[in-house]
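Topology and contacts: notes
Listed below are the residues making up each chain.
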Amino acid sequence: VAAVRERRLSEASLKEAFFRPVAVEVENIAPPARQGGWLLGQILPMLVSMLMIGAAFYPAIDLTAGEKERGTLQTLLTAPVDATSIVAGKFGAVVVLSLLTGVMNLISMALVALSIPLPAEVGSSLTFDVPVLNILLILACLVFLGMMFGAVMMAVAVTARSFKDAQNYLTPLYLLCIFPLMLSSLPGVELDPALAAAPVINLALAMKDLLL
């Protein structure tokens, strides 16, 4: 193609500049804080949510199907405690473990990011400066995610008769929860009224917007 173009330009006695009359340059004019927020928004919501799903996986199984298999659930139900309180206690334990995993991973990643100095050319183009209010709202999103993951996994695991059966039931559910998280990290996918009604992806996109 280049040889044909050069030959035709030569035959018409035209210079190379005739082929490119306008020089086009691409320049990113976003401020460093927005560029850093965009980078965090592509990684953190999906990563932290996946870790929270994994943290709720085994506690949800052990507190439902695991106790049924060991025979301790039947004994627990004979105790003078309301059944709703028993379910609420188990649900709260799963949610707290899932939330602790998400928060601890956020803190560890923040400490690692602060301890590694960025190169001068990178540090001048992006900064990781998230307002405190946005951080609190992200933590609220994590609470809702933990509640949703815990409720769904316990509801599925309690139908299993053994620990192994519950693992088989929850593995497809785990993959089903990961799929919308992967969609949330794709470019061009933004929070709108339709996606705001979709579970998992709505909170992931909300965290992405808060970081941005």
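Note that the structure is predicted; figures quoted are calculated from it, not measured. By convention here, each chain's residues receive numbers from 1 onward along its written sequence. Reporting of local features is limited, given that this is a predicted model, to residues whose pLDDT is at least 70; pairs of side-chain atoms are given and counted only at 80 or more, and all residues count toward the totals for whole chains, interfaces and linings. Only hydrogens and water are set aside; all other atoms, that is, all heavy atoms of the structure, feed into the side-chain values.

1. What to know about the overall build of the protein chain
What counts is decided by this rule: Secondary structure elements follow DSSP: runs of H or I no shorter than four residues count as helices, runs of E no shorter than two count as strands, and numbering proceeds from the N terminus. It is over C-alpha atoms that the radius of gyration is taken, and the globule rule equals 2.2 Å times the number of residues to the power 0.38.
Across its full length, the protein chain holds nine helices and zero strands. Reading the protein chain from its N end, one meets helices and strands in the order α-α-α-α-α-α-α-α-α. The C-alpha atoms of the protein chain give a radius of gyration of 26 Å, which is well past the 17 Å a tight globule of 212 residues would have. Reported as C-alpha extents along the three principal axes, the dimensions of the protein chain are approximately 95 × 40 × 35 Å.

2. Regarding the packing of helix 6 (residues 132-157) against helix 9 (residues 201-211)
The condition is simple: The axes used here are C-alpha line fits, helices contributing only the stretch in contact, and every angle between their N-to-C directions lies in the interval 0 to 180 degrees. Throughout, the term roughly parallel applies to angles under 35 degrees, roughly antiparallel to angles over 145, roughly perpendicular to angles from 65 to 115, and oblique to all others. Here a residue-residue contact requires only that any non-hydrogen atoms of the pair lie within 4.5 Å. Residue polarity follows a fixed list, in which Ala, Val, Leu, Ile, Met, Phe, Trp, Tyr, Cys and Pro are nonpolar, Asp, Glu, Lys and Arg are charged, and the others, Gly among them, are polar.
Following both chains from N to C, one finds helix 6 and helix 9 inclined at 170°, their axes separated by 10 Å at the closest point. In terms of their interaxial angle, helix 6 and helix 9 are classed as roughly antiparallel. Here N134, L137, I138, C141, L142, F144 and L145 of helix 6 come into contact with helix 9, specifically with L203, A206, M207, L210 and L211. Looking at the contact of helix 6 with helix 9 residue by residue, the class counts come to 11 nonpolar, one polar and no charged.

3. Remarks on helix 9
Note the following rule: To sort residues, take the accessible area from a 1.4 Å probe on protein chains only and compare it with the maximum for the residue type: under 20% means buried, over 50% means exposed, and anything in between is partly exposed.
Of all 11 residues making up helix 9, 10 are buried, and the element is well covered by its neighbours. Taken together, the buried positions of helix 9 are occupied by I201, N202, L203, A204, L205, A206, M207, K208, L210 and L211. If you follow the buried residues of helix 9, they end up packed against helix 2 (32-70), helix 6, helix 7 (163-184) and helix 8 (193-196).

4. Remarks on the environment of A3
For A3, the position within the fold is in helix 1 (residues 2-11). For A3, a relative accessible area of 56% translates into the label exposed. On a C-alpha basis, the gap between A3 and V200 in space is 54 Å, while along the polypeptide they are 197 residues apart.

5. What to know about the layout of surface pockets
Counted only if it meets this: The definitions used throughout rest on a 1 Å grid laid over the protein atoms alone, on which a cavity is an enclosed set of points accommodating a 1.4 Å probe that cannot get out and a pocket is an open set flanked by protein within 12 Å on both sides along at least five of seven lines; lining residues are those having an atom within 4 Å of a point. Grid points are joined across faces, edges and corners, and a volume is the space filled by probe spheres set on the points.
Its boundaries defined by the atoms lining it, the largest pocket holds a volume of some 840 Å³. Considering the residues around the largest pocket, the lining is formed by 27 residues, among which L40, L44, L106, M109 and A110 are closest to the centre. Mapped by element, the contributors of at least two residues to the lining of the largest pocket are helix 2, helix 4 (83-115), helix 6 and helix 9. Among the elements that take part in the lining of the largest pocket, helix 4 stands out by supplying eight residues, more than any other. Along the lines of polarity and charge, the residues of the lining of the largest pocket split into 25 nonpolar, one polar and one charged. Computed from the structure, the second largest pocket encloses a volume of approximately 160 Å³. Around the second largest pocket, the lining residues are L63, T64, L73, L77, A83, I86, V87, K90, M154, A155 and V158.

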